[in-house]
Structures are given as C-alpha cells and as structure tokens.
Amino acid sequence: MIAGTGRLPHELAAVLDDPLIAALDGFAPDGLAAESFRLERLVPFMDSLLDRGVERVVFAGLVRRPPLDPEAFDPRTAMLVPRIAMAMQQGDDATLREVIALFEEAGLAIAGVADLAPHLVPGAGMLAGRPGPGDDADLARAREIVAGLGHLDIGQGAVVARGLCLAVETLPGTEAMLDFVARTRPEGRGGVLWKAPKPGQDRRIDLPAVGPETVAQAAAARLAGIGWEAGGVVLIDRRATIAAAEAAGLFLAAVP
C-alpha cells in the first residue's frame, strides 16, 4: 500500500493481510509503520517492491505535490521527468494517470479501494437524516457544477444553497472550501455539499472521501447535508461519520 495522510490508510490496513506500507517522504500516515521513499528515486523504489514479491499496489490517503531536489534523481528516474512534468501541466488527473502508467509499466498492478474494501465505497441509499425542501434541487445543481469542473480537472466538490453556488473545490481541498463557506455565507442555515469523482477519472486512485471531519466542517458551514455519487466516494469511519451527522442534524445521501 502506498499510503498518505488521513484515515483511509488505517481503514485499509485493518482489512488487508499483512500489507507492506510505503509512504512518500513527508507524508507518512500517523500511527502506521511505513517505509519512506522519495519521488526522485521512484524507479529504484518500484524495483524494490518487485524484488520483495509485490505484485499489486493500492494508493490510499492524501499526498500533496512534494518539492523535488534535482540533485537527488537517479539516472533512470531522471529519464521519466519529461513525462511527469508534462502530465503535471495538464492537471491532477493527468498526473495520477501517468503515475498509474509508470507503476503498470514496471509490472505492478494497481488496485482500487473498492476492489479491496468495497464496504468503504457505499452504494445508493440514505445513511443519515432526510433531505428537506429544496435540498434535492441543490444536490442536482451541485452535481451539475462538479461534473463541469471535473471536465476541466479542477475539483471534486461544490457547495450549493438555494440554487446558488457558494464555493467549489480547488487545489486547497474540501476543508478550505468549507472553511470559506463558513466564513462568508449569508446568515441562516441550508445548502448542501456534493462530492463526486471527475468524469472519466480512473477510479483506482484519488477517489473523493467523506468522513467525520467532513461532517464537522459541513455543520460549521451551517449546511443541511452532504450528498455524493453512489459507488464513487470513500466513506471514512462509517459509524463515526453517521453518528456525527445525526448529532449535527445533517443528512448523508449516496445518490445513484
């Protein structure tokens, strides 16, 4: 498992049989023993996985683009720099596709979270509460906005209230978006957060996530609930997330 920060690596480690956990230098998950590697030495790292009999890799957790040290590149990884740099100029989705391609070319299969732990990617249904008047229309509007953003490889979330877009997710992420809404929205309560993968996204990597922290931030932003694309979003710590939503009076909806 290639792990980053957040709770997802812990959720996966609990269901995998003695996983080998590695983390990009500077992004090790708290509380999990993980060996570290640097992007500047990606090819030797992949070779080491193959030497130890690793055949399949899953990516889990949050990783930001790390600073690179030109002097730290080994010769074979340095040859990949033009490919990676070109992909990075096209956006996060293109970058992740290139990362997947590099691992697959090395002989390592990429597994998705849904492949290894389908219970973390819930299907359609209401998990907490019920949408109120106007919430379904806000969900539909937010879904339309996120789909449009996804085609431009911008983000995986949006907040809509009474048909008006209050914020969209960009590079700083969902937490920054919800903090902005909490600080700038008009008085009163209402509106929804919608999360979904980008159209055409390779769902083996970088699925959006909802967890207890998301619920707390949505409550602080005085939203009515959270909706997401069924089968397309990782639900972190299901029991705690549902309990937090019920305590805050928010609905949780996985929408087909």
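Everything discussed here concerns the structure shown above.
Caption draft 1: The sheet that holds strand 2 (residues 22-24), seen in detail. Pairing is parallel in the open sheet, where five strands are placed in the order 3-2-1-4-5. Only two strands of the sheet have a single neighbouring strand rather than two, namely strand 3 (35-37) and strand 5 (109-111). Across three bridges, strand 4 (residues 56-60) lies against strand 5 in parallel orientation. Counterpart to Arg56 in the pairing with strand 5 is Ala109. Against the sheet, helix 2 (residues 42-51) touches strand 1 (2-3), strand 2, strand 3 and strand 4, its axis set at about 145° to strand 3.

Caption draft 2: Representation of the packing of aromatic side chains in the model. Tallying each qualifying case throughout the model produces two aromatic pairs. Ring centres of Phe37 and Phe45 lie 3.9 Å apart, and the angle between their planes is 5°; this geometry places the pair in the stacked category. On the basis of relative accessible area, Phe45 is assigned to the buried category, the value being 5%. The interplanar angle of 80° and the centroid separation of 5.3 Å between the aromatic rings of Phe59 and Phe103 together place this pair among those described as edge-to-face. Of this pair, Phe59 sits in strand 4 while Phe103 sits in helix 5 (residues 92-105), and the two are 44 residues apart along the sequence. By relative accessible area, which is 2% here, Phe103 ends up buried.

Cut-offs applied
- Residues numbered from 1 in each chain as written.
- Predicted model: local features only at pLDDT ≥ 70, side-chain atom pairs only at ≥ 80, totals over all residues.
- Heavy atoms only, no water.
- Pairing = 2+ DSSP bridges.
- Helix = DSSP H or I, 4+ residues; strand = E, 2+ residues; numbered from the N terminus.
- Contact = heavy atoms within 4.5 Å.
- Axes fitted to C-alpha atoms, helices over the stretch in contact; angles between N-to-C directions.
- Phe/Tyr/Trp six-rings, centres within 6.5 Å; stacked < 30°, edge-to-face > 60°.
- Buried < 20%, exposed > 50% of the residue type's maximum accessible area, 1.4 Å probe, protein only.

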